[in-house]
Amino acid sequence: MARYIIQRLLSTIPTLFGILVIVFVMIRIAPGDPALAILGDNASQEALNAFRERMGLNDPMIVQFWDFMKGLASGSLGVSMVTGTPVWQSISEVLPFTLELAFGAILFGIVIGVPLGIISALWRNGFLDYFLRVVSLLGLSFPAFLTAILLILWLSIEWRIFPVISTPTSGGLWDRIYNLILPALSLGLIMVAYIMRSARSAMLDVLGEDYIRTARAKGAPGRRLIWHHALRNALIPIVTVVGLYFGLLIGNAVLTEIIFNRPGLGKLIVLSLNQRDYTTLQGLMIVSALMIVIVNLLTDICYALVDPRVKLK
């Protein structure tokens, strides 16, 4: 297992390097002058030139990239152009809130989506199956920001069950969970739709296998047949969907955090874009890419845990 993990981590190095190059270049060629955006329109030309010189913006792009890679090799993501604070410090302050939102959405998607997918497969082509498929299609069709607004209007303003603004930094653990429920529900509805459709398709394939018919012919209890034999062999497509759409959750978390006024990577990305804070943007992109790589690695490991037929080499 340890050897496999090391091999997978080493194989991600070219991918991460490619992401670093693309992010670095795209940020540099984006329209807008960071010196002007940070210092303001009233800044003198001397102040603008001094800022560009201090931040290395006058250096050739290859020199800037080399300095960036040297800092990254030493474990530094650089210093914010706006605040002067280390980029990692800014990211570490908001990263836990984005992670808890993403994992809350994933947990909601698994807990709701898997049972609904099983029910839909067991009642194939029945009224309940058609109903759940239509509901899942609606879940895929509604963008995350629209779902968030509708949930706020319904559960916060109309019924007053959850707060309109999520404040995860106040109160204790239960207050934090309470403030997380509505944003996680908003983001998790997409995962419910994806996981439900994946679970339905996987269960239909498994339920048609010979060993399921043999177990049913031998009188295996229906509950054991479904949860022990069928579901276990249908988990790999479900695990794949969860790992694949983790990146989608991180992307959708941007709008969700803005709508619910939650701290997180999403709000920090938007703020850095508006301020043309190159170094903070680079750090955010690196952390986001690293999270996706780690989730993909965990997905591969889960394959072997849920299905012994998958061997790690």
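In this section: the environment of Q64. Relative to the helices and strands, Q64 resides in helix α5 (residues 61-73). Given a relative accessible area of 12%, Q64 falls into the buried group. If sequence neighbours within four positions are ignored, Q64 has contacts with F24, R28, G56, L57 and D59. Here the side chain of Q64 touches D59 through a polar contact of 2.8 Å, landing on its backbone oxygen.

Attention now moves to the packing of aromatic side chains. Applying the stated criterion to the full structure yields nine aromatic pairs. For the ring pair F17 and F65, a centre distance of 6.3 Å and an interplane angle of 75° mean the geometry is edge-to-face. Separated by 48 residues along the polypeptide, F17 in helix α2 (residues 13-29) and F65 in helix α5 bring together distant segments of the chain. When the ring of F24 is compared with that of F68, the centres are 5.9 Å apart and the planes differ by 25°; the resulting orientation is stacked. Here F24, found in helix α2, pairs with F68, found in helix α5; they are 44 residues apart in sequence, far enough to count as distant. Taken individually, F24 and F68 each receive the classification buried, so the pair is uniform in this respect. An aromatic cluster is built from F17, F24, F65 and F68, whose rings are joined through pairwise contacts. The ring of F24 has R28 sitting right over it, with the charged end atom 4.1 Å from the ring centre.

Take the packing of helix α11 (residues 222-244) against helix α14 (residues 278-306) next. Relative to each other, α11 and α14 sit at 175°, their axes nearing to 10 Å. Considering their axes alone, α11 and α14 lie roughly antiparallel with respect to each other. Here R232, L235, I236, V239, T240 and G243 of α11 lie close against α14, whose contacting residues are V295, N296, T299, C302, Y303 and V306. In the contact of α11 with α14, the residues fall into seven nonpolar, four polar and one charged.

Relative to the 21 Å expected for 15 residues at 1.5 Å per residue, helix α8 (residues 144-158) spans 20 Å between its end C-alpha atoms, a close match to the ideal helical length. At I152, α8 shows its maximal bend, which comes to roughly 30°. Burial in α8 covers these residues: A144, T147, A148, L151, I152, L155 and S156. In the core, the buried residues of α8 are packed alongside α9 (173-207) and α12 (246-259).

Parameters at a glance
Residues numbered from 1 in each chain as written. Predicted model: local features only at pLDDT ≥ 70, side-chain atom pairs only at ≥ 80, totals over all residues. Heavy atoms only, no water. Helix = DSSP H or I, 4+ residues; strand = E, 2+ residues; numbered from the N terminus. Buried < 20%, exposed > 50% of the residue type's maximum accessible area, 1.4 Å probe, protein only. Contact = heavy atoms within 4.5 Å. Polar contact = N/O pair within 3.5 Å; in protein donor to acceptor, adjacent residues only side chain to side chain. Phe/Tyr/Trp six-rings, centres within 6.5 Å; stacked < 30°, edge-to-face > 60°. Lys NZ or Arg CZ within 6 Å of the ring centre and 35° of its normal. Axes fitted to C-alpha atoms, helices over the stretch in contact; angles between N-to-C directions. Parallel < 35°, antiparallel > 145°, perpendicular 65-115°, else oblique. Nonpolar A, V, L, I, M, F, W, Y, C, P; charged D, E, K, R; others polar. Expected span 1.5 Å × (residues − 1). Bend = angle between axes of the 7 residues up to and from the residue.

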